[in-house]
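Structural characterization, general
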Amino acid sequence: MITINRKALLAGILLNVFFLSFQSCKKEVSTSDNNIMPESFSVEIPASMSQPYTAQKMKTASDDTINGGDIYANLGNFINLGKGSAEIVQAIVTTIHAYKLSQACAFSYVSADDGRSKNVNIIASSDFENVNWEYEMTITDAQSESSADSGKALQIFWNKNPVKGIAILKPYNINRATSSLYPDAMFRIDYSEAGELGYDKHMIVSIAGLPLASPLIDPYSVNSLKMFAGKTGDVVDMYGNSNHPNAIFFTTNTGFDWAFAASGDLKADIGVAEVGLPPYQLNETSRKVLLEDYSIRNVFEEQIYALWPTIDSVSVNGYLHNTQAPGYFNNGGFVQGGTAPNSSYATIEGRIKNLSPYNPKDISEQVLNFK
C-alpha cells in the first residue's frame, strides 16, 4: 500500500470557509447574472479512478508478491489527492457563491479553526500571468502579512463569462491547527469552461511542497503532482504525473514518477489507465518513452533480471502479474491489467492513446507561487 495521509491537511480548509462573514459586502442582488462568483470551479473525477488503495502493504525488493496491480491500484491514491485539492476550491467557490455578492468588497473574520484573524479582499480587475481578470479574491493570515509569503492563504482570479480562472492555496495560512506539518504545501487549480482545449470544461491541478515521509515508513510518498482533467458529457479524460523521489521496487534504483493517461465514464463509473514509471528526473515529453518504454512491465522486467540474472521465466511471470497495459477500473477500484473485463470499456480505452503525461523533470522541480 502507498499511504498518503493528507486528510488533516485538506479537512481544515473546508471548515474555515463556512465561517466567513460577508456582512460588509453587498448582497442585495440575488440573480445569478449579477453574482460575481461562479458556481463551478472544478471537474468531477470518476470514483472508479480515485479509489484510495489501502488493501495491502506495498512490497519492495525483499518480498515476492509485488505486481502491476499495486502500481495501477495506487494510481487511485494520487488521482484522489488531486481530486481532493479541486474539491477544496469548489467548496470555497460554492460557499461564496451562495452569498450572492454583486460587487467587490473587503472584510475580516476570525477563523473558527485556528483562532487567527484572516483578511479578505475582493477587487475588480486584476492582472496575473499576463492576463487581465475580471475579479481577484485574496485571503491572508493577518498576523503573518509581514512574513516572506505575506501571509497569503488563498488567491482566486476569475472571469464570469465564460467561466475561467486560477485558484492558489497555501493550507498553512488558512488553518494553522491542521496544517502545521505541511508549512510549504501549495495547491493550484487552473479551470476553464471556454472550451479552448476541446472539452466542455477542464482543470489542471498542481501540487508542490508536500513533505516526504521517511523512506523506511513510506518510500512511495509524493511531494508534487500535476494532473489534467477534461470533461465532455459523461466522459472525463485525465493525464499527469506524481513525483516519488524515494520510490524503490526491486533493485536499489531510487526515485520514480507515476506517469499516466486515463479516461473514465462518470455514468458507468468505469475507467481505464496506462501507467509508466520513468525516473523522476527524466527530461522527456514523448508519450512513447514515458508510457511504453517505461511501462510497468518493462521497468519490472529490467529490474528483476538485473537483480536475479538466472531466474526462470515462470518466476518472472509471477512477478509480472497484472503489468500489462492498460489497467481497468470499476466502482471498486482496480480490476485487472491487459484485457478489458467487458465491451463497455471500448470507447474510453480508445481515448487514452491521444493523451500524454507531463515531463517528469518539470514535475519534480515544480514550484507554485502567489501573485
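Below, the structure is looked at part by part. (Residues numbered from 1 in each chain as written. Predicted model: local features only at pLDDT ≥ 70, side-chain atom pairs only at ≥ 80, totals over all residues. Heavy atoms only, no water.)

Here's the deal with the overall build of the protein chain
- Looking only at helices and strands, the protein chain features nine helices and 13 strands.
- Relative to its full complement of 371 residues, the protein chain shows a buried share of 55%.
- Total accessible area computed for the protein chain in this model is approximately 15,300 Å², and 49% of it derives from carbon and sulfur atoms. (Helix = DSSP H or I, 4+ residues; strand = E, 2+ residues; numbered from the N terminus. Buried < 20%, exposed > 50% of the residue type's maximum accessible area, 1.4 Å probe, protein only. Areas by Shrake-Rupley, 256 points an atom, 1.4 Å probe, with all protein chains shown as cover.)

Things to note about helix α2 (residues 68-97)
- Taking 1.5 Å as the rise per residue, α2 with 30 residues should run 44 Å; its terminal C-alpha atoms sit 44 Å apart, in good agreement.
- Burial analysis of α2 places 27 of its 30 residues in the buried class, which makes it a mostly covered element. (Expected span 1.5 Å × (residues − 1).)

Notes on the nonpolar core
- M137 and W258 are the most contacted members of the largest nonpolar core, which totals 71 residues.
- In terms of residue count, α2 provides more of this core than any other element does, 12 residues in total.
- Ranked by size, the runner-up nonpolar core spans 10 residues in total, among them Y239, A259, Y358 and I363. (Core = buried A, V, L, I, M, F, W, Y, C linked by side-chain atoms within 4.5 Å.)

Some details on the side chain of H244
- The topology assignment puts H244 in strand β9 (residues 235-244).
- When its relative accessible area of 0% is taken as the criterion, H244 is described as buried.
- A distance of 2.8 Å separates the side chain of H244 from the side chain of S242, its partner in a polar contact.
- In contact with H244, not counting residues within four places along its chain, are F78, Y220, S221, V222, G255, F256 and W258. (Polar contact = N/O pair within 3.5 Å; in protein donor to acceptor, adjacent residues only side chain to side chain. Contact = heavy atoms within 4.5 Å.)

A few points about the pattern of salt bridges
- Counted by the stated rule, this structure contains 15 salt bridges.
- R176 is the partner of D141 in a salt bridge, and the nearest nitrogen-oxygen pair spans 3.8 Å. Pair noted here: D141 is in strand β3 (residues 131-141) and R176 is in helix α4 (residues 176-179), with a separation of 35 residues, a long-range link.
- Note on R176: relative accessible area 17%, which makes it buried.
- Through salt bridges with shared partners, one network takes in D114, R116, K118, D141 and R176. (Salt bridge = Lys/Arg side-chain N within 4 Å of Asp/Glu carboxyl O.)

A short note on the environment of F107
- Relative to the assigned elements, F107 resides in strand β1 (residues 105-110).
- Taking C-alpha positions, F107 is 9.8 Å from I139, a pair spaced 32 residues apart along the chain.

Concerning the side chain of R116
- Along the chain, R116 falls in the loop between β1 and β2 (117-128).
- In this structure R116 comes out as buried when scored by relative accessible area, which is 16%.

Overview of the pairing of strand β5 (residues 164-169)
- For β5, the buried fraction is high: five of the six residues fall into the buried class.
- Of the strand pairs in this sheet, strand β4 (residues 152-159) and β5 are connected by six bridges, and their pairing is antiparallel. Bridging across to β5, N159 finds its partner in K164.
- Two successive antiparallel strands, β4 and β5, enclose a turn made up of four residues.
- In terms of strand pairing, β5 meets strand β6 (residues 186-192) through six bridges, oriented antiparallel. Counterpart to L169 in the pairing with β6 is F187. (Pairing = 2+ DSSP bridges.)

What to know about unusual backbone geometry
- Between N161 and the following residue, P162, the backbone shows a cis peptide bond with an omega angle of -5°.
- Tracing the backbone through its elements, the reader meets P162 in the loop between β4 and β5.
- For the peptide bond that leads from A325 to P326, omega is -5°, which places it in the cis range.
- Of note, P326 is situated in the loop between α7 (313-319) and β12 (327-330).
- Phi is positive for S150, close to 60°, though the residue is something other than glycine.
- Examined against the element boundaries, S150 turns out to sit in the loop between β3 and β4.
- If you check the backbone angles, N322 has positive phi at about 65° while not being a glycine.
- Residue position: N322 is located in the loop between α7 and β12.

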